[in-house]
Amino acid sequence: MGYKNKKYKKDLTQQMNDRLTMMLHSGEGTSKKEAIANGTERDKIFSYSTYESYFKHCKYFSRYVRENHPEVKSLKQAKRYVNEWLQSRVDNGGINGKPLSAYTITLEREALGKLYGIKPDDKDFFLAPRRHRADIVRSRGDAVRDRHFSEKNNDEFVKFCKGTGCRRNIMEKLEGRDLKTRAEIDREIALLETQTRTETEEKHLNALKDSIKQFPDQDYFIHHRKDKGGRERYSPIIGDNKQQIVDRMKATAPHEKVWKHVSGNADIHGYRADYAGAVYRLYARPIEEIPYDRTNKGTGKKFQGDVYTCRKDKAGKKLDRAAMLKASKALGHNRIEVIANNYLR
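Given the structure is predicted, the values throughout are model-derived calculations rather than measurements. (Residues numbered from 1 in each chain as written. Predicted model: local features only at pLDDT ≥ 70, side-chain atom pairs only at ≥ 80, totals over all residues. Heavy atoms only, no water.)

Scanning all chains against the criterion turns up 19 salt bridges. D227 is the salt-bridge partner of R233, the closest N and O atoms lying 2.6 Å from each other. Here D227 falls in the buried class, since its relative accessible area comes to 5%. Within the structure, one salt-bridge network assembled from shared partners comprises E175, R177, D178 and R225. (Salt bridge = Lys/Arg side-chain N within 4 Å of Asp/Glu carboxyl O. Buried < 20%, exposed > 50% of the residue type's maximum accessible area, 1.4 Å probe, protein only.)

We now examine the side chain of K326. With respect to the helices, strands and loops of the structure, K326 is situated in helix α13 (residues 321-331). Put simply, K326 is tucked away with no salt bridge, and the nearest opposite charge, on D217, sits 6.1 Å away. Once you skip the residues sitting within four places of it in the chain, K326 turns out to touch K213, Q214, F215, V279 and Y283. (Helix = DSSP H or I, 4+ residues; strand = E, 2+ residues; numbered from the N terminus. Lys, Arg positive; Asp, Glu negative; His and termini not counted. Contact = heavy atoms within 4.5 Å.)

Among the nonpolar cores identified, the biggest contains 29 residues, and L20, F61, L112, L115 and Y116 are the most heavily contacted of them. Those elements that place two or more of their residues in this core are α1 (12-23), α3 (48-68), α4 (75-78), α5 (82-92) and α6 (102-116). Among the elements that make up this core, the one with the highest residue count is α3 (seven residues). Ignoring any residue separated from it by four or fewer positions in sequence, one finds L20 in contact with I45, Y51, Y54, F55, C58 and L115. (Core = buried A, V, L, I, M, F, W, Y, C linked by side-chain atoms within 4.5 Å.)

When helix α11 (residues 242-250) is considered as a whole, its buried residues turn out to be I245, V246 and M249. The arc that holds every buried residue of α11, seen down its axis, measures 95°, which confines them to one face. (Arc of directions from axis to C-beta.)

Below, the structure is given as structure tokens:
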């Protein structure tokens, strides 16, 4: 009763959470592709992991405003300090004083842009530093957390990760039923093609078809029921430890977890890079054997359309574009530049 006549006001962090939560459309009918097509994507966040990441960095901004501009009490008032905070992140680094990478600064710019509805190309919006592959430090070299995870004692887990390329969230919820054979996929495609399909079934059919289109020579797949962005997909199980992985899946009951515990210290991103490299090497052709199949309109000379030439710190290195696409698809990405910049070592 004592609080009946007192006006409660939410602090800046709570206001940020409310706004981002309103934007969250994870699992709803409208896809990101559809939202981009109709111009409403700037008002939406399409995955819970993206929401969590944005809110995390918005809280850093809230703390900065609270400490440096204590008179500010609303989101509207705080907006004027967005560029100031981003510049301070470039100048002063993170909470521990370490310099922040261009990737982190860009993420924080995206988070604040989403919060305030600022367009990326707004001329008055803070311009993030250019990102370079050489600046990426994640899963390169030994990290402190690696000392708390023994690959020797977790040999089967490490081999499983390197043979499947699963993200951490998939490893945590993977069940026995998520093992699929090529024969099972073929049968399911045949069945779905004979019936009238719902929108969900159509997406499921497309995921099935994409798996056999990209990997017609593979016989075992992991079903990612809900991967990054809520997408469904299938990735091939490959490598020398393939049978061990398949046996582990088969020995797990359909609705039981394959791994009861996934260590937070395991370098799963690094294992995904190993998987990407393995997929690439499995399909890559010698560069000299890739045909000269296109013609430069200016010079009239033929060139290899399927050869990808790296830039910057890997300038001049040539890769098989078709094999890069397969590695990208196996990891759940669609752009080969992501593979070149973040996974192929």
